[in-house]
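# Examination of the molecular architecture
The lines below spell out each chain.
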Amino acid sequence: MYLKKIFALIIFTIFSTTAYSASMNMIGEKGDPNKIDRVVNIKMYDNYYEPNVIKIKKGETIKFVVENLGDLVHEYNIGTKEMHIKHQPEMQKLIDHEILLVDKIDKVKMKKMSKMDHSLGHSHANSIMLEPKKTGEIIWKFTKDINLEMACNIPGHYETGMVGNFILN
Ligand SMILES: [Cu+2]
C-alpha cells in the first residue's frame, strides 16, 4: 500500500515536470550567456514596464537587464497569455504563505517551504522577481513563432497594466 503511494507520487512528479518543460520549450529556451545578440534594458514601475513593446527576431538571444524602480515587488516573466494566467494562482500561493510581501521577498522562507512544495521555489529561467531598487537578468533565446507577453503575475498587477508584447518580425 505504502509502496503504491510512493510510486504514484513518483509518476506524478515525472508527469508534472515533463508537462512543465514542454510548455517551456514552446516559448523558447534559456539563452547561452556566451551567445548574446542584444541587451535590452527594462524598467519596472508600479504597475507597468518601460518599454512594453519589444521587437524580436526568431533565433535571437536577448539579455534582459531588469531594474525595479517601483515601490512594490515586481516580476518580469516571458510567456504566453495562457501561461501567465496559469501562473497567477502560484503567485497568490506565495502571498498566502507570506513569502511574497508588498515590498519584500522572504527568501529564507521561500527556500525552506519550497522543499515541501516545489511551486513555491519560484525559480524558472523565463522569469525574475525583484524587490524595489533591485536589478536582475534573464537571458532568453526566442526560437518559436508564438505570441509572447512580458508580464507581472503578482495579483492585481497584470490586470492594471503590467503587461507588454514581444513582436516577432
Ligand atoms: Cu508587478
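In the block above lies the structure referred to throughout.
Thresholds, definitions, all that
Residues numbered from 1 in each chain as written. Predicted model: local features only at pLDDT ≥ 70, side-chain atom pairs only at ≥ 80, totals over all residues. Heavy atoms only, no water. Donors = N, O, S within 2.8 Å, 3.2 Å for Na, K, Ca; no water. Tetrahedral: all angles 85-135°; square planar, octahedral: opposite > 155°, others 65-115°. Helix = DSSP H or I, 4+ residues; strand = E, 2+ residues; numbered from the N terminus. Buried < 20%, exposed > 50% of the residue type's maximum accessible area, 1.4 Å probe, protein only. Pairing = 2+ DSSP bridges. Arc of directions from axis to C-beta. Contact = heavy atoms within 4.5 Å.

Bringing the coordination of the copper ion into the picture now. All of the protein donors around the copper ion are His74 (ND1), Cys152 (SG), His157 (ND1) and Met162 (SD); their distances to the metal are 2.0 to 2.7 Å. Taken together, the four donor atoms coordinating the copper ion and their angles of 82 to 139° define a geometry best described as irregular. Motif for the copper ion, donor spacing along one chain: H-x77-C-x4-H-x4-M. One end of the pair, His74, is in strand β6 (residues 74–79); the other, His157, is in the loop between β9 (148–151) and β10 (163–168), with 83 residues separating them in the sequence.

Consecutive side chains of a regular strand alternate in pointing toward one face of the sheet and then the other. A large share of β6 lies buried, amounting to six of its six residues. Burial along β6 is two-sided: the residues His74, Tyr76 and Ile78 and Glu75, Asn77 and Gly79 are all buried. For β6 and strand β7 (residues 127–130), the ladder comprises four bridges, and the chain directions are antiparallel. From the neighbouring strand, His74 faces β7, where its bridge partner is Leu130.

To continue, consider helix α3 (residues 107–114). Those residues of α3 that sit buried are Met110, Met113 and Ser114. Projection of α3 onto a plane perpendicular to its axis shows the buried side chains occupying an angular sector of 95°, all on one side. Facing away from the buried side of α3 by over 90 degrees, the exposed positions are Val108, Lys111 and Lys112. Where α3 is buried, its residues contact α2 (81–96) and β7.

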